[in-house]
Amino acid sequence: MTLRRTLLIGTFMLLASAVFFILWSVTPVLSDKKPVASTKVFARDGSLLYEISRPGEGLRTPVSVDRMPITLVRAVIAAEDARFRSHAGVDAIAIVRAMKDLAIRGRVSGGASTIEQQVVKNLYFRTSRRTVFLKAREAVAAVFWSMRHTKDETLETYLNTVPFGNQANGVQAAARTYFRKDIADLTLAESAMLAGVIAAPSAYDPYAHRSAANTRQRYVLDRMLEDGTITKEERNNADKTDVIVFVPTHPIKAPHFVFHVLDELEQRILDIRTGGYEITTTLDPELQSVAEGAVARRLESLMDQRVTSAAVVAINPIQGDVLAYVGSADYFNDAAQGSMDMATAKRQPGSALKPFMYFTAFMKGVTPGTVIADLPVRFETVDGKPYYPRNYNYRIYGPVTARDALASSLNIPAVKVLSGIGLQTFFGSLARFGLTFPEPADHYGLGIVLGGGEVTLADTTRAYGVLAQYGRSAAMRDVLEVRDGSGRAVLRPADERLQNVFEEAKQAEQASALVADILRDRLARSRSFGEANLLETGKNVAVKTGTTRDFRDNWAFGYAPDFVVGVWVGNADGTPMQGVSGITGAVPIWRDIVDARFRARDAVRWPVPHGIVEREICVTSGLLANDICPKTRVEKFIEGTEPVRQDDWYVRMDVDGRTGLLATNACRDLVSQYTFLVPPPEYVVWLAASKAETPPSTDCEGRKLARLSVPLTILSPLDGDVYERDEVVDPAAQRIPFIAGGESRDRYRWVLNNRPIESDDATILWDPVPGIYELQLEGSNRQVRFTVR
């Protein structure tokens, strides 16, 4: 091979290698990669809830160069690339200086990389190994970049990609991280400090290394003064300015809600966490703040009663929008398992399902005026075990209307009504409300209406939303819009129209109206809650509480036609609280939220559906009122279910005891009418013990008259009762009531297995001990036998 040919081949190979190297270097830049923003989650008013740190990159919010303060742009140029406006991507002077330093000192004392070189490094050559070979590729790519982009385009890309430490990439993220402000609001002193961080983010961290950051800031100001971009006076004033630097944190608001939204969206948009999306949610930040504050205050007051967690869900039932969502008191409290979302955790609801049971009963012909016997009763379960419902306060009230039973949350009437309408019917109705259970109805039995199953706060709040909208429902919605990095809307859930949940839409509307009317009735709930309590908001809001018998969970649900809020209080690990009921645990939180929501509004107005009629009834019997019944009220009914017979439980008699006859001449001036109660036979024993009005013992002349006399008897336990103790449940929640009926006495004397027990009240609570027992009551010829296992 001749020398000429060798030289030609060598030259060709050299040129080919150079071309290959150039093509290899510029190929990545051909994609013209744009900096991708972090995905951000916003409240409905546009306020930021959370910005997701991109893996390996951190936070980033690209902004146009027009929005960046000129002082920041000049500070960065002065600190990083003084000849930026004059070179073509590579600064030959800086390279020569760097080579000279390397030859003389063995090291490079100043950087030779231009802004273009840093752009291509940040976007296309992301590696921790910085070799001479790689820097050569970057230089070629930088020249190519410079040929395709203006200086302003380069600056915009650079300032949106350069890292500032603490997971902040780009000047907007840095301004928010260190100064908690928008990039457009930066001062000269802040701009110089940020520009100084770029050279070594960890060494010049404004918070962790403030002294070094201040030194670097003065260096940048000096470079700007040399370049003539600021005056000496501006330089000195900036140097004297005290820059406030915040702790570099990446706060998250409403964390359980945010992560719930992201988990849902990830099923539809796979790169939702990394794709630079902007998610606008339904959350109302003001109401969210109220809910979080109410939870924090209440838990602090309950600290000594072993309460560590609470949750809140508030919705607009018309659109289904989630307005507030608190999954726990503190997401970051590991000791209380704060990261567990109690809004979606399944827990026993106590009495919170009773409104849905009475709704179902009203659909089947029961009315708010229907009288139910609140007396001890025993049911047999499908597995042959006895079941004894007890009222929360262990008292019995005899005849009570469905209105009073629901409003005062009495347990015995609720179980009796459920037994009448049937479990399958009730479970079918609950499913329409969106409340389902993993096992068949018989598995739960009649105790389901007292909290025998498990539900979530979110599902139950939505179910109350169906009641609020009189049997209509809109799917719960937590996202209003999702936009991608280019600003294009990729998801915008439509406003769903309310759908009828029940085929019998008109009847469901009427039944819902009756339930809402009862849950707003201050007098009807006074039997259990008194007339003055936190449930009375003065705004005509419907409300229902719930407490499990062992104090593991308590609840409060309140609603108006356009607002529903549900509250749960308890412990994430399921341990019982110390005597905290719904009225003392969940209700104060509920009340704070309701007060805030309706502060500027008058009392809530409820629509009255067509087909609701009113009749004056005798409260004791539920029959039509007459001039004899001493206690009446105007009751609401679905047309066709109202009573047609007048009350016959009350009887009127002359003072001499002879119905319909005049008194003797000796007491003619004292003639008057006397009214007394004669209920159906099943209430006679209760009546005697209740101290209700009974006929007089003598007439006006002192003659003895016959009067109602019912012997003393044992109402509870029932003969043959079998009780099973649960070692897990609080013993105080398992006490057995001994209830005396019949003739009222000032003192009651019981004998339990030959051991005397005395009480001033007709009801006492006995702490059970395993064994077989015989119970007697002095003055009664009845005795009962029961077993505790």
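Residues numbered from 1 in each chain as written. Predicted model: local features only at pLDDT ≥ 70, side-chain atom pairs only at ≥ 80, totals over all residues. Heavy atoms only, no water.

(A) Spatial organisation of the overall build of the chain. When you go through the chain residue by residue, the secondary structure sums to 22 helices and 30 strands. Of all 789 residues assigned to the chain, the portion counted as buried reaches 52%. Within the chain, counting contacts between residues at least 6 apart in sequence, those at least 24 apart form 67% of the total. Of the accessible surface of the chain, which amounts to about 36500 Å², a share of 52% is contributed by carbon and sulfur atoms. (Helix = DSSP H or I, 4+ residues; strand = E, 2+ residues; numbered from the N terminus. Buried < 20%, exposed > 50% of the residue type's maximum accessible area, 1.4 Å probe, protein only. Contact = heavy atoms within 4.5 Å. Areas by Shrake-Rupley, 256 points an atom, 1.4 Å probe, with all protein chains shown as cover.)

(B) Looking closely at the sheet that holds strand β7 (residues 321-326). Across the sheet, 5 strands lie side by side as β7-β6-β18-β17-β16; this open sheet has antiparallel pairing. Each end of this open sheet is capped by a strand with a single partner; those strands are β7 and β16 (542-547). Averaged over all pairs of adjacent strands, the angle between strand axes in this sheet comes to 10 degrees, irrespective of strand direction. Where strand β6 (residues 309-316) and β7 come together, 5 bridges link them in antiparallel fashion. (Pairing = 2+ DSSP bridges. Axes fitted to C-alpha atoms, helices over the stretch in contact; angles between N-to-C directions.)

(C) Summary view of the state of the cysteines. As enumerated under the stated definition, the model contains 1 disulfide in all. Here C618 pairs with C629 through a disulfide, and the sulfurs are 2.1 Å apart. Negative torsions about the S-S bond denote left-handed disulfides, and the value of about 75 degrees found for C618 with C629 makes this one right-handed. Here C618 is found in strand β19 (residues 612-618), whereas its partner C629 is found in the loop between β19 and β20 (632-638), with 11 residues between them in sequence. Each member of the pair, C618 as well as C629, is classed as buried. (Disulfide = S-S within 2.5 Å.)

(D) How the structure looks around helix α9 (residues 210-227). The end-to-end C-alpha distance of α9, which contains 18 residues, comes to 26 Å, matching closely the 26 Å that a straight helix rising 1.5 Å per residue would cover. For α9, the full list of buried residues reads A213, R216, Q217, V220, L221, R223 and M224. Down the axis of α9, the buried side of the element spans an arc of 160 degrees, and every buried residue falls inside it. Turned more than 90 degrees away from the buried face of α9 sit S211 and E226, all of them exposed. In this structure, the buried residues of α9 make contact with α2 (70-80), α8 (188-197) and α10 (232-240). In the segment just after α9, G228 is the residue with positive phi, at about 80 degrees. (Expected span 1.5 Å × (residues − 1). Arc of directions from axis to C-beta.)

(E) A look at the environment of L498. Looking at where L498 falls in the secondary structure, it is placed in the loop between β14 (489-491) and β15 (499-500). What makes L498 partly exposed here is its relative accessible area of 23%. Separated by 23 residues in sequence, L498 and A475 have C-alpha atoms that sit 8.5 Å apart. The contacts of L498, once residues within four sequence positions are left out, are P317, I318, Q469, R472, S473 and A474.

(F) View of the pattern of salt bridges. Scanning all chains against the criterion turns up 42 salt bridges. Residue K636 pairs with D517 through a salt bridge whose shortest N-O separation is 3.6 Å. Residue K636 is located in strand β20, and its partner D517 is located in helix α19 (residues 505-519); the two are separated by 119 residues in the primary sequence. The partner of E635 in a salt bridge is R633, with the nearest N and O atoms 3.4 Å apart. Each member of the pair E635 and R633 is classed as buried. (Salt bridge = Lys/Arg side-chain N within 4 Å of Asp/Glu carboxyl O.)

(G) Representation of the side chain of T460. Tracing the sequence through the fold places T460 in helix α18 (residues 457-468). Ignoring any residue separated from it by four or fewer positions in sequence, one finds T460 in contact with L435, V455 and F557.

(H) View of the packing of helix α12 (residues 285-301) against helix α21 (residues 586-598). Interaxial distance between α12 and α21 falls to 9 Å at its minimum, and their mutual angle equals 150 degrees. Between α12 and α21, the angle is such that the two are roughly antiparallel. Between α12 and α21 the crossing geometry is right-handed. Counted together, L287, V290, A291, A294, V295, R297 and R298 of α12 and P588, I589, D592, I593, A596 and R597 of α21 form the full contact between these two elements. Of the residues that constitute the contact of α12 with α21, the class distribution is 9 nonpolar, no polar and 4 charged. (Parallel < 35°, antiparallel > 145°, perpendicular 65-115°, else oblique. Left-handed = near helix turned anticlockwise from the far one by under 90°. Nonpolar A, V, L, I, M, F, W, Y, C, P; charged D, E, K, R; others polar.)

(I) Region of the structure containing the sheet that holds β14. With respect to topology, 5 strands assemble into an open sheet ordered β2-β1-β5-β13-β14, the strand pairing being mixed. Looking along the sheet, the strands with just one partner apiece sit at the ends: β2 (48-51) and β14. The mean inter-strand angle of the sheet, taken between neighbouring strand axes irrespective of direction, is 25 degrees. The pairing of strand β5 (residues 278-281) with strand β13 (residues 479-483) spans 4 bridges and is classified as antiparallel. Looking at β13, one finds that T280 is bridged to E481.

(J) Spatial organisation of the confidence of the model for the chain. Residues of the chain with pLDDT of at least 70 account for 87%, and the chain-wide mean is 86. Considering only residues more than four positions removed or in separate chains, one finds that residues 656-672, a stretch of pLDDT under 50, has 29 contacts. Note on residues 703-708: pLDDT is under 50 here. Beyond four places in sequence and across chains, it has 20 contacts. (pLDDT = per-residue confidence, 0-100.)

(K) Examining the nonpolar core more closely. Counting 141 residues, the largest nonpolar core has F356, Y358, Y559 and W590 as the members making the most contacts within it. Ranked by residues supplied to this core, first place goes to α19 with 8 residues. Residues in contact with Y358, not counting those within four places in the same chain, are I372, A402, A405, L406, P413, A414 and V417. Counting residues in hydrophobic clusters, the runner-up holds 51 residues, among them L59, A75, L188 and V245. (Core = buried A, V, L, I, M, F, W, Y, C linked by side-chain atoms within 4.5 Å.)

(L) Examining the packing of α8 against α9 more closely. Contact geometry of α8 with α9 gives a least axis separation of 8 Å together with a crossing angle of 105 degrees. In terms of axis orientation, α8 runs roughly perpendicular to α9. Packed against α8, whose contacting residues are L188, A189, A192, M193, A195 and G196, the element α9 presents R210, N214, R216, Q217, V220, L221 and M224 at the interface. Classifying every residue of the contact of α8 with α9 by side-chain character gives 8 nonpolar, 3 polar and 2 charged.

(M) The arrangement of the pairing of β6 in detail. The element β6 is largely enclosed, with a buried count of 8 among its 8 residues. Here β6 shows a buried face lined by S309, A311, V313 and I315 and a second buried face lined by A310, V312, A314 and N316. One ladder, built from 7 bridges, connects β6 with strand β18 (residues 563-570); its direction is antiparallel. Bridge assignment links S309 to a residue of β18, and that residue is G570. Linking β6 back to β7 in an antiparallel pair, the connection comprises 4 residues, with G320 at a positive phi of about 85 degrees.

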